[in-house]
Amino acid sequence: NVTNLVSGDMIWASGVVLSKTAGGDATLTLTTTDAGDIVFQPGARIESTAGQLAVVLNADGRIDIASSAVFITNGGATRFRAAGNLPPEVETETDQDLTALASDAADSAEESDESGSAEPSIRFAGTIDVSSDDSVGGLVTLEGRDIVLAATARIDATGATGGGDVLVGGDWQGGTNKERRVFDDPDALQQATIVTMDSGALIDASATENGDGGTVV
């Protein structure tokens, strides 16, 4: 298992490839602190051809995955979580405090809309492949306040014996539906406020031979 912790932005430049070609299952965790973004430029690539490779991106800022950036995990789970654009936790003790906080939040949102400068917590335009040729497809979760899947986005969670699970912006009905949610814990995933899926973006969690398709939220 490999963990990389960076203070500030983490940039995977165009053409950088990390390839796992031997050994069993493993986990790669990339984490930023101090509001750092995680950016994968076009052509950056993480892949496994031997054992499942779970990939975790945990950004204290934003996550920006460019078109033609690729994650191939050999069925391993992929979890992207971005804290960017999340409001700070504030302890309030009175109704007046709550009113003031709500007013400040509304003013901030209005300024953001007017300037047009707000960026999504996660912008994903690349490819995630957690498919399996002989088993069930893997798990993909994208967590952030607002998430954009660009037209070039591709998420493949297909599996020979059953589709995997793709959760973009939260679990089924925000985790409140006990019968259909993927995680036992209803609060396991951060719920998004806005999820935008551009025309052309593709998510596939089909069973390719036998079994049922997976869950897509």
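Further up the page is the structure itself.
Computed from a prediction, not measured in an experiment: that's the story for all the values here. (Residues numbered from 1 in each chain as written. Predicted model: local features only at pLDDT ≥ 70, side-chain atom pairs only at ≥ 80, totals over all residues. Heavy atoms only, no water.)

Participant: Please clarify how the overall build of the chain should be interpreted in this entry.
Facilitator: Per the secondary structure count, the chain includes one helix and 19 strands. For the chain, with 217 residues in total, the buried portion stands at 39%. Contacts in the chain between residues far apart in sequence, at least 24 positions, make up 75% of those at least 6 positions apart. As displayed, the chain has an accessible area near 11,100 Å², and 46% of this comes from carbon and sulfur atoms. (Helix = DSSP H or I, 4+ residues; strand = E, 2+ residues; numbered from the N terminus. Buried < 20%, exposed > 50% of the residue type's maximum accessible area, 1.4 Å probe, protein only. Contact = heavy atoms within 4.5 Å. Areas by Shrake-Rupley, 256 points an atom, 1.4 Å probe, with all protein chains shown as cover.)

Participant: How should the nonpolar core be read in this particular structure?
Facilitator: The tendency in soluble globular proteins is for nonpolar side chains to be buried as a group. Judged by nonpolar contacts, the single largest core of 34 residues is most densely connected at Phe40, Leu57, Phe80 and Leu142. Among the elements that line this core, the one with the most residues is strand S7 (residues 53-59), at four residues. The contact partners of leucine 57, leaving out residues within four places of it in the chain, are Leu30, Ile38, Phe40, Ile63, Ile65, Phe71, Arg79, Phe80 and Arg81. (Core = buried A, V, L, I, M, F, W, Y, C linked by side-chain atoms within 4.5 Å.)

Participant: Explain the sheet that holds strand S18 (residues 202-204) to me, please; I cannot follow it from the model alone.
Facilitator: Two strands in a sheet stick together by hydrogen bonds in their backbones, pointing the same way (parallel) or opposite ways (antiparallel). The six strands lie next to each other as S3-S6-S9-S12-S15-S18, forming an open sheet whose pairing is parallel. Looking at which strands have only one partner, the edges of the open sheet turn out to be strand S3 (17-20) and S18. Recorded for the sheet is a direction-independent mean angle of 5° between the axes of neighbouring strands. Relative to strand S15 (residues 154-156), strand S12 (residues 127-129) is paired through three bridges, and the arrangement is parallel. Bridged to aspartate 129 within S15 is aspartate 156. (Pairing = 2+ DSSP bridges. Axes fitted to C-alpha atoms, helices over the stretch in contact; angles between N-to-C directions.)

Participant: In this structure, what is going on with the side chain of threonine 32? I would like to understand it.
Facilitator: By the secondary structure assignment, threonine 32 is in strand S4 (residues 26-33). Within the structure, the side chain of threonine 32 is placed 3.0 Å from the backbone nitrogen of aspartate 60, a separation counted as a polar contact. (Polar contact = N/O pair within 3.5 Å; in protein donor to acceptor, adjacent residues only side chain to side chain.)

Participant: I'm lost on the packing of aromatic side chains in this one. Help?
Facilitator: Across all of its chains, the model carries four aromatic pairs by this definition. A ring pair is formed by tryptophan 12 and phenylalanine 40, whose centres lie 4.9 Å apart and whose planes are at 10°; its orientation type is stacked. Taken together, the positions of tryptophan 12 in strand S2 (residues 10-12) and phenylalanine 40 in strand S5 (residues 38-40) put the pair 28 residues apart, joining distant regions of the chain. Residue classification places phenylalanine 40 among the buried residues on the basis of a relative accessible area of 0%. Aromatic pair phenylalanine 71 and phenylalanine 80: ring centres 5.2 Å apart, planes at 65°, arrangement edge-to-face. Among the residues examined, phenylalanine 80 registers a relative accessible area of 0% and is labelled buried. Chaining the aromatic ring pairs together yields one cluster made of Trp12, Phe40, Phe71, Phe80 and Phe124. (Phe/Tyr/Trp six-rings, centres within 6.5 Å; stacked < 30°, edge-to-face > 60°.)

Participant: Looking at this structure, how should I read the side chain of serine 48?
Facilitator: Mapping serine 48 onto the fold places it in strand S6 (residues 45-48). Using a relative accessible area of 4% as the deciding quantity, one classes serine 48 as buried. Polar side-chain contacts of serine 48 include one of 3.3 Å to the backbone oxygen of alanine 50. Ignoring any residue separated from it by four or fewer positions in sequence, one finds serine 48 in contact with Lys20, Leu53, Ile72, Thr73 and Asn74.

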